Amino acid sequence: MKYVDSTLLILFCCFIFWLSDQSTLLTPLKFPHQDKVMHMGAYFILAAFTVRAFRHLQLSYGLFLASCLIFSSLYGASDEWHQSFVTGRFSDVNDWVADTVGAILLLTLYHFYRRKKQLN
């Protein structure tokens, strides 16, 4: 099962890379900062795949959470760097912040879910 989890993480990273490699994304803006919400959502999902893939590693719980956050945040930073080379796209530090916030949100929910599960 651990190979499936790792494969899903890799495939989702490839999907994000593919999206970032498009010169334009045809997403109509319905409200201000919609792109930041979309970044948060994508990296919320990325962090979920990261949790599933990294849970097989023999790490302390704190190191496990930190590793998931670092991976997700660094992938977001590399994604922004990648976009700086794509015609029609640009790199934005605020997008990276939204990526990292999405990962933090998932990891926070995961932590409280795990804690509640342990109390029951």
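Now for a look at the structure at hand. (Residues numbered from 1 in each chain as written. Predicted model: local features only at pLDDT ≥ 70, side-chain atom pairs only at ≥ 80, totals over all residues. Heavy atoms only, no water.)

## A few points about the overall build of the protein chain
A tally of regular secondary structure across the protein chain gives four helices and zero strands. Each helix and strand of the protein chain, placed in order from N terminus to C terminus, yields the pattern α-α-α-α. When the backbone C-alpha atoms are referred to their principal axes, the protein chain occupies close to 50 × 30 × 20 Å. Counting all 120 residues of the protein chain, 32% fall into the buried class. Here the contacts in the protein chain between residues at least 6 apart in sequence split such that 76% fall between residues at least 24 apart. (Helix = DSSP H or I, 4+ residues; strand = E, 2+ residues; numbered from the N terminus. Buried < 20%, exposed > 50% of the residue type's maximum accessible area, 1.4 Å probe, protein only. Contact = heavy atoms within 4.5 Å.)

## Focus: the side chain of T50
Mapped onto the fold, T50 is located in helix α2 (residues 34-54). For T50, a relative accessible area of 0% translates into the label buried. Setting aside residues no more than four positions away along its own chain, T50 makes contact with L9, C68, F71 and S72.

## What to know about the packing of helix α1 (residues 2-20) against α2
Look at α1 against α2: their axes get within 8 Å of each other, and the N-to-C directions meet at 155°. With respect to α2, the axis of α1 lies roughly antiparallel. Where α1 crosses over α2, the two elements pack in a sense that is left-handed. Contacts between α1 and α2 involve D5, S6, L8, L9, F12, C13 and I16 from the former and A42, Y43, I45, L46, F49, T50, R52, A53 and F54 from the latter. (Axes fitted to C-alpha atoms, helices over the stretch in contact; angles between N-to-C directions. Parallel < 35°, antiparallel > 145°, perpendicular 65-115°, else oblique. Left-handed = near helix turned anticlockwise from the far one by under 90°.)

## Overview of a nonpolar patch on the surface
Taken together, the side chains of M1, V4, L8 and L11 present a nonpolar region at the surface, about 400 Å² in accessible area. With respect to the helices and strands, M1 occurs in the segment before α1. (Patch = residues over 30% accessible without salt bridge, like charges linked within 9 Å, V, L, I, M, F, W, Y side chains within 5 Å. Areas by Shrake-Rupley, 256 points an atom, 1.4 Å probe, with all protein chains shown as cover. Salt bridge = Lys/Arg side-chain N within 4 Å of Asp/Glu carboxyl O.)

## Observations concerning the pattern of salt bridges
Overall, the coordinates contain five salt bridges when judged by the stated rule. The salt bridge partner of D35 is K36, with a shortest N-O separation of 2.8 Å. Overall, D35 belongs to the partly exposed group, its relative accessible area being 30%. One salt bridge connects K36 with D92, and the closest N-O pair in it is separated by 3.3 Å. Residue K36 is located in helix α2, and its partner D92 is located in the loop between α3 (61-83) and α4 (93-119); the two are separated by 56 residues in the primary sequence. The two residues K36 and D92 agree in class, both being buried. Beyond isolated ion pairs, a larger network of salt bridges with shared partners links D35, K36, D92 and D95.

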